[in-house]
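Secondary and tertiary structure notes
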Amino acid sequence: MSSPRTLAPWLGKLPKPAIYHCVSRVVDRQFLFGDREKSKFVEFMRLYEEFCGVRILSFCVMSNHFHILVEVPPPPTEALSDAELMHRVRLVTPKQQADVIENTLQMLSSDQATEKGRIAHQELRERFLSRMWNLSKFMKPLKQRFSRWYNGRNARKGTLWEERFDSTLVEGSNCAITMAGYIELN
């Protein structure tokens, strides 16, 4: 069983972002990624960056692992509008499924919606909002989606990544600058 992540001790207490250095390696440390794979990984990373509301400060995708320096802000004090939520959902959800979600949100928030409907509207929104502003919920789908793409493209089955990603909390701007430099030098 995996151990819990070390999270910033101020999360939920102070409106301050946390910065993490994340690393994950290919199973058996095989050198599998060429330019096409690296480019696709970055494409998926940028989609999940926008969906999750995190900010990539620095990254490096190598032939058998990656480094990402990611800033995870606290959730905003003002709720996302349904339109902004759907913009983000569409980044990581197939069109047909996203259309159903959008229509459901509109129906449940209409003037004709019952109290049960308004509660269902909030629950549906929360299903997606709970995946935002969270390090693990940024990394897990990123690695899963890339794995599915890579395995499909290479007629391959099974796990692509050696294990769950490693993350280190980076405190202080000097440490973040040093870590960004380390990642860039890779």
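In every chain, residue numbers begin from 1 and rise along the written sequence. Restriction of local features to residues with pLDDT of at least 70 applies here, the model being predicted, together with a cutoff of 80 or more for giving and counting side-chain atom pairs; totals for whole chains, interfaces and linings are based on all residues. In computing side-chain properties, one takes all heavy atoms of the structure into account and sets aside hydrogens as well as water.

**Quick word on the overall build of the protein**
- A run of H or I in DSSP counts as a helix once it spans at least four residues, and a run of E counts as a strand once it spans at least two, with each numbered from the N terminus. Scanning the protein for helices and strands turns up 6 helices and 4 strands.
- What you see in the protein, going N to C, is helices and strands ordered as β-α-β-β-α-α-α-α-β-α.
- For every residue, the accessible area obtained with a 1.4 Å probe (protein chains only) is divided by the maximum for its type, and the residue is called buried under 20%, exposed over 50%, and partly exposed between those limits. The buried share of the protein, taken over its 186 residues, is 42%.
- Throughout, the Shrake-Rupley method with a 1.4 Å probe supplies accessible areas, and for residues the shown protein chains are the sole cover considered. Within the structure as shown, the protein displays about 10900 Å² of accessible surface, and the carbon and sulfur contribution to it stands at 53%.
- Across the protein, the 27 positively charged side chains and the 21 negatively charged ones have centroids separated by 5 Å. Working convention for charge: Lys and Arg count positive, Asp and Glu count negative, and His plus the chain ends are omitted. Charge positions are represented by NZ for Lys, CZ for Arg, CG for Asp and CD for Glu.

**A look at the packing of aromatic side chains**
- Only Phe, Tyr and Trp rings take part, Trp by its six-membered ring, and two of them pair if their centres are within 6.5 Å. Stacked means planes under 30 degrees apart, edge-to-face means over 60, and tilted covers everything else. Throughout the structure, instances matching the rule amount to 10 aromatic pairs.
- Relative to Trp-161, the ring of Phe-146 has its centre 6.1 Å away and its plane inclined at 45 degrees; by these criteria the two rings are tilted. Note that Phe-146 is positioned in helix α5 (residues 135-153) and Trp-161 in the loop between α5 and β4 (166-170), a separation of 15 residues in sequence.
- Given a relative accessible area of 5%, Trp-161 falls into the buried group.

**What to know about the layout of surface pockets**
- For the second largest pocket, the calculated volume is near 180 Å³.
- Along its surface, the second largest pocket is lined by 11 residues, and Lys-140, Lys-143, Gln-144, Arg-164 and Phe-165 are the ones closest to its centre.
- Polar here means any residue outside two lists: the nonpolar Ala, Val, Leu, Ile, Met, Phe, Trp, Tyr, Cys and Pro, and the charged Asp, Glu, Lys and Arg; Gly therefore counts as polar. Within the lining of the second largest pocket, the residues separate by chemical class into 2 nonpolar, 4 polar and 5 charged. Space inside and on the surface of the protein is sampled on a 1 Å grid over the protein atoms alone, with a cavity defined as a set of points where a 1.4 Å probe fits but cannot get out and a pocket as an open set with protein on both sides within 12 Å along at least 5 of 7 lines; lining residues have an atom within 4 Å of a point. Grid points are joined across faces, edges and corners, and a volume is the space filled by probe spheres set on the points.

**Focus: unusual backbone geometry**
- Phi at Trp-133 takes a positive value of approximately 55 degrees, unusual for a residue other than glycine.
- Topologically, Trp-133 is positioned in the loop between α4 (115-129) and α5.
- Among the residues examined, Trp-133 registers a relative accessible area of 15% and is labelled buried.
- Backbone geometry at Ala-155 places phi at a positive 45 degrees, although glycine is not the residue there.
- Mapped onto the secondary structure, Ala-155 falls in the loop between α5 and β4.
- A relative accessible area of 77% places Ala-155 in the exposed class.

**Description of the environment of Asn-134**
- With respect to the element layout, Asn-134 can be found in the loop between α4 and α5.
- Considering only alpha carbons, one finds Asn-134 and Asp-111, 23 residues apart in sequence, at a separation of 33 Å.
- Whenever a nitrogen or oxygen atom comes within 3.5 Å of another N or O atom, the pair is scored as a polar contact, on the condition that within protein one atom can donate a hydrogen and the other can accept it, and that pairs from neighbouring residues in sequence are kept only if both atoms are in side chains. Polar side-chain contacts of Asn-134 include one of 3.0 Å to the backbone nitrogen of Ser-136.

**Quick notes on the pairing of strand β2 (residues 55-61)**
- At least two DSSP bridges between two strands are required for those strands to pair. Bridging between β2 and strand β3 (residues 65-72) involves 6 bridges; their strand directions are antiparallel. Residue pairing across strands places Phe-59 opposite Ile-68, the latter belonging to β3.
- Hairpin connection of β2 to β3: 3 residues between the antiparallel strands.

**A few points about the side chain of Asn-64**
- The topology assignment puts Asn-64 in the loop between β2 and β3.
- Residue class for Asn-64 comes out buried when judged on its relative accessible area of 11%.
- Polar side-chain contacts of Asn-64 include one of 3.2 Å to the backbone oxygen of Arg-29.
- Among residues more than four places away in sequence, those in contact with Asn-64 are Ser-24, Arg-25, Val-26, Arg-29, Gln-30 and Phe-31. Any two residues having at least one pair of non-hydrogen atoms within 4.5 Å are treated as being in contact.

**Overview of the state of the cysteines**
- Working definition: a disulfide is two cysteine sulfur atoms within 2.5 Å of each other. What the rule picks out here adds up to 0 disulfides.
- We note that Cys-52 lacks a disulfide partner, and the nearest cysteine sulfur, in Cys-22, lies 12 Å from it.
- Here Cys-60 is not disulfide-linked; the sulfur of Cys-22 is the nearest cysteine sulfur, at 14 Å.
- Cys-60 sits in the buried class, given a relative accessible area of 13%.

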